[in-house]
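What follows is each chain in one-letter form.
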Amino acid sequence: MLKRLIINDFKANKIITISTSAFMAVTAMLLGLAILLFARLYASIDSLMKKAETPSFLQMHTGELDEEKLNDFTRARSDVEKMQVCNFLNLQNSQISIGGRSFEGNMQDNGLCCQSESFDYLLDADGAVIEVLPGEVYVPVCYKNEYDIKISDEMRIGTETLTVAGFLRDSQMNSMMASSKRFLVCESDYERIRSLGSEEYLIEFRLKDGSDVNAFATAYKDSGLPDNGPTITYPLIKTMNALSDGIMILVILLVSVVVLFISILCIRYIILTQMEKDRREIGMLKAVGISRKDIRNLYMSKYLILSAIGCLVGIVTALFIAKPLGEGMRELYGETENAALVYILMFIGAILAEVIILLSVRRTLRKTEKESAVSALCGRDGSGKKKNLWVSVMIVVAAAAFMIIVPQSMKTTLGNPEFVTYMGIGNSQIRMDVRQTEDIDKVTENLASAIEQDERVDSYSVMQTGSYKVMLENRNSYNLMIECGDHGRFPVNYIKGSYPKSENDIALSILNAEDMGLDVGDMLVVSKDTGNGSSEQYTCTVCGIYSDITNGGKTAKGCIRDENDRTPIMWSVIYISLKDAELAGDWVNEYRSRYSSFDEGIKATEISDYLKGVYGQTIENISNAYVVALILANFIIIIVVVLLVRLIIWRERKDSSLKKALGLKTSDIRKEYLKKAFLYIIPGIVIGVVFGVIPGQKMTGVLLGSFGAQGFQFVINPLLTFVFVPVLTIASAGFAAALSLVEIKRIKSCECLNSGTE
């Protein structure tokens, strides 16, 4: 009997059945998709780093190297498992071209290396350690699509040529967030090309399980070992690898939460309306002695079947959508070894979505227990005042607009030059980097002098970064990368306080402040190397905390550098604004030509190009998530509005019948419904846009804040936000409403004479 009742109900309510199942499917698909992508990303990165045996601690160094001192330090450390020094030959990007496509505008520090001997291996597409032959080169996989590189393409480095033999995965430099990229060649080719570049050393350590990387980094710094370059740790490498695709997954997760809310809301009203329609049948079942629990279980059985169908459809759909969304992920990190576990987690996520919906269904169905058999059979409404379904239409339209606004605004913001202030970078027009050169200080001074004399330049600021040891009041010590210079000229985004103005001021990135447990007004002691083994200490006050997602989000800013400071400069950055912003492109090209010699190690770029180079992959991923959200939002609007407006028409069927009996035409009744629909649809769109811009910004800020970008504010595109989204939403909702109103034609004028409810 139960089977027959459910089948008959499905046949009698096809639209409601399909709509309910569709909601369940979309919810399961989105939550399952987010979990699938996250689990695959985490597992793939973990698998790649294990296969490649990524270093626990990496110190880049330019200059002389005392390997014996390094060996002594290694032997004295019980936490070191392996140590090696790898050579990295930095190349001028203007010297590099592959398949006729120049790397001159490339933002990365590109160079050659040989395969490592002990760990930090470069892997091929199958995850195997690459063995490269003479005349061959393996190219970072992140450049494969960007430069349309194919196997057998010719790579030119100055006058030398190599043949592309394949693509490599580099566990520590895969992400565009990493500033360097390694091309793999054999030792004989490395020696042949050595004179065309500038050599740098990668001092790498593998620590034993359970070792404290931060304690090791402090000990390394205290030992006076080579440290003229950035320091990178295993957790930082993992964060940089996950950041780009992680933001896209977080956007999908946010959309899935919104869809879950819409699904619960709509299914609740579907149930209430269906129960109202079935009141007489429910009363008869109660009258013949069937218990309230059995009646509730009858409805639950129906929704369990729909939930199972929706879950299955959602999982299959998630697998199809995950393929294009995860393509870049697969290329960068390869397939995960724990594929079965990834799919199990996705399945659990989809089931979790269905469980949440079913719990809501169960709560709603408890209304069947409140009405007596007599009141149901006599037609008296025991459920109180009817809910206004038009409000539900407004809420759903608002939620759908919110779904579109958030990823759209994220995409616009990340592509806007002003976003650099959340990266710990000054908001200028042009950025010039001085790296990988013997005397960074002198080269920077000469470059600054040339810029000073350039009449086209309106303003510029020189920033120099070095690694300083700091001591907290609790005697804990840290190594900080402190950027010194005039921070007031091109300020970054400060969450609290302001930029450093004197040598006793220091500003910390938000993640450093959290790690150290410091806030504005707290004190720390900075040690400055003054040469000959001596140092000078400054008691500094934290004057500001700023947003930063570069270098793993762990940086600092100060004004302590002077002529007595002998702390090695890791790199220099010069921020420039021109009197005529339209000349920026020509200005950059001129300086690239003027400083083409590699010995000077100078790289000039427009800030907009810098953003594209670093965040191009992230923006592309968010664009993909935006397309998914856009399609789903309009799909939801059409389905929900069709469903709810039909339910409204059914509820008001007698009123419409009476109007027809009084002489009103079907077209007149349709116009009334359309006017009422737009009275709720338009406010819904306004609410959705407002919530997308304000609370949506705060929610996104929480997500990006986990990576160090706090105080986040959307850069709004007025045309997209206030024209495109409202017009598209009105078009979808209006189409759905008009489609639903066909039902009015089926209403007969004589129905108002019936005493029962059909």
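Up top you'll find the structure we're talking about.
Described in the following lines is the structure provided in the data block. These numbers were taken from a predicted model, which means no experiment stands behind them.

### Regarding the overall build of the protein chain
Looking only at helices and strands, the protein chain has 21 helices and 21 strands in total. Considering the protein chain as a whole, with its 758 residues, one finds that 56% of them fall into the buried category. The contacts of the protein chain with a sequence gap of at least 6 include a subset with a gap of at least 24, amounting to 83%. Approximately 32200 Å² of the protein chain is accessible, and the part contributed by carbon and sulfur atoms is 55%.

### A look at the side chain of Ser 577
With respect to the element layout, Ser 577 can be found in strand S20 (residues 569-578). Residue Ser 577 is classed as buried on the basis of its relative accessible area of 12%. Not counting the four nearest positions on each side in its chain, Ser 577 is found in contact with Gln 429, Val 457, Asp 458, Ser 459 and Phe 490.

### Digging into the nonpolar core
One finds Leu 37, Leu 112, Phe 183, Ile 252, Ile 262, Tyr 303 and Met 403 to be the most contacted residues of the largest nonpolar core, which totals 163 residues. The element contributing the most residues to this core is helix H17 (residues 607-651), with 25 residues. If near-sequence neighbours (up to four positions away) are discounted, Met 403 is found in contact with Val 255, Val 258, Val 259, Ile 262, Ala 629, Leu 632, Ala 633 and Ile 636. With 22 residues, the next largest nonpolar core counts Val 443, Ala 450, Ile 576 and Ile 602 among its residues.

### A closer look at the state of the cysteines
As used in these notes, a disulfide is a covalent bond between sulfur atoms, one from each of two cysteines. Scanning the entire structure with this criterion turns up zero disulfides. Free of any disulfide, Cys 86 has its nearest neighbouring cysteine sulfur in Cys 113, separated by 7.7 Å. A relative accessible area of 10% means that Cys 86 is categorised as buried.

### A few points about the pattern of salt bridges
Throughout the structure, instances matching the rule amount to 26 salt bridges. For Arg 194, the salt bridge is made with Glu 191, and the minimal N-O distance between the two is 2.5 Å. For Asp 562, the salt bridge is made with Lys 528, and the minimal N-O distance between the two is 3.0 Å. In this pair, Asp 562 sits in the loop between strand S19 (556-558) and S20 while Lys 528 sits in strand S17 (residues 523-531), placing the two residues 34 residues apart along the sequence. By relative accessible area, Lys 528 is classed as buried at 0%. Among the ionic contacts, a cluster of salt bridges with common partners joins Asp 46, Lys 50 and Lys 238.

### Here's the deal with unusual backbone geometry
A positive phi is found at Asp 148, a non-glycine position, where the angle reads about 50 degrees. Positionally, Asp 148 belongs in the loop between helix H4 (143-146) and strand S7 (154-157). Although it is not a glycine, Ser 152 sits at a positive phi angle of roughly 85 degrees. Mapped onto the elements, Ser 152 comes out in the loop between H4 and S7.

### What to know about the environment of Ile 744
Its place among the elements puts Ile 744 in the segment after helix H21 (718-740). C-alpha separation for the pair Ile 744 and Ser 657, spaced 87 residues apart in sequence, amounts to 9.0 Å. Apart from the residues within four sequence positions on either side, Ile 744 is in contact with Ile 649, Lys 660, Thr 666, Ile 669, Arg 670 and Tyr 673.

### Observations regarding the packing of helix H14 (residues 440-452) against helix H16 (residues 584-594)
Two numbers describe a pair of packed helices, the interaxial angle and the distance between the axes. The N-to-C vectors of H14 and H16 enclose an angle of 140 degrees; their axes lie 13 Å apart at closest approach. If you check the angle between H14 and H16, you find them oblique. Judged by the twist between their axes, the crossing of H14 over H16 is right-handed. On H16, the residues touching Leu 447, Ala 450 and Ile 451 of H14 are Trp 587, Tyr 591 and Arg 594.

### With respect to the packing of aromatic side chains
Counting across every chain of the model gives 17 aromatic pairs. Aromatic side chains Phe 57 and Phe 205 sit 6.0 Å apart centroid to centroid with 55 degrees between the ring planes, which places their arrangement in the tilted category. On the criterion of sequence distance, the pair formed by Phe 57 in strand S1 (residues 57-61) and Phe 205 in strand S10 (residues 198-207) is long-range, its members being 148 residues apart. Assigned by exposure class, Phe 57 and Phe 205 land together as buried. Considering the side-chain rings of Phe 205 and Tyr 220, the 6.0 Å spacing of their centres and the 75 degrees angle between planes classify their relative orientation as edge-to-face. Taken together, the positions of Phe 205 in strand S10 and Tyr 220 in helix H6 (residues 213-222) put the pair 15 residues apart, joining distant regions of the chain. Comparing Phe 205 with Tyr 220, the two get one shared label, buried. Here the aromatic cluster, defined as three or more aromatic residues joined through ring pairs, consists of Phe 57, Phe 73, Phe 205, Phe 216 and Tyr 220. The ring of Tyr 499 carries the charged tip of Lys 501 above its face, separated from the ring centre by 4.5 Å.

### Things to note about a nonpolar patch on the surface
Side chains of Ile 682, Val 686, Ile 687, Val 690, Phe 691, Ile 694 and Ile 730 sit close together on the surface and give an oily, nonpolar patch of about 570 Å² of accessible area. Among the elements that line the nonpolar patch, the one with the most residues is helix H19 (residues 666-693), at five residues. Within the secondary structure layout, Ile 687 lies in helix H19. Given a relative accessible area of 34%, Ile 687 falls into the partly exposed group.

Conventions and cut-offs
- Residues numbered from 1 in each chain as written.
- Predicted model: local features only at pLDDT ≥ 70, side-chain atom pairs only at ≥ 80, totals over all residues.
- Heavy atoms only, no water.
- Helix = DSSP H or I, 4+ residues; strand = E, 2+ residues; numbered from the N terminus.
- Buried < 20%, exposed > 50% of the residue type's maximum accessible area, 1.4 Å probe, protein only.
- Contact = heavy atoms within 4.5 Å.
- Areas by Shrake-Rupley, 256 points an atom, 1.4 Å probe, with all protein chains shown as cover.
- Core = buried A, V, L, I, M, F, W, Y, C linked by side-chain atoms within 4.5 Å.
- Disulfide = S-S within 2.5 Å.
- Salt bridge = Lys/Arg side-chain N within 4 Å of Asp/Glu carboxyl O.
- Axes fitted to C-alpha atoms, helices over the stretch in contact; angles between N-to-C directions.
- Parallel < 35°, antiparallel > 145°, perpendicular 65-115°, else oblique.
- Left-handed = near helix turned anticlockwise from the far one by under 90°.
- Phe/Tyr/Trp six-rings, centres within 6.5 Å; stacked < 30°, edge-to-face > 60°.
- Lys NZ or Arg CZ within 6 Å of the ring centre and 35° of its normal.
- Patch = residues over 30% accessible without salt bridge, like charges linked within 9 Å, V, L, I, M, F, W, Y side chains within 5 Å.

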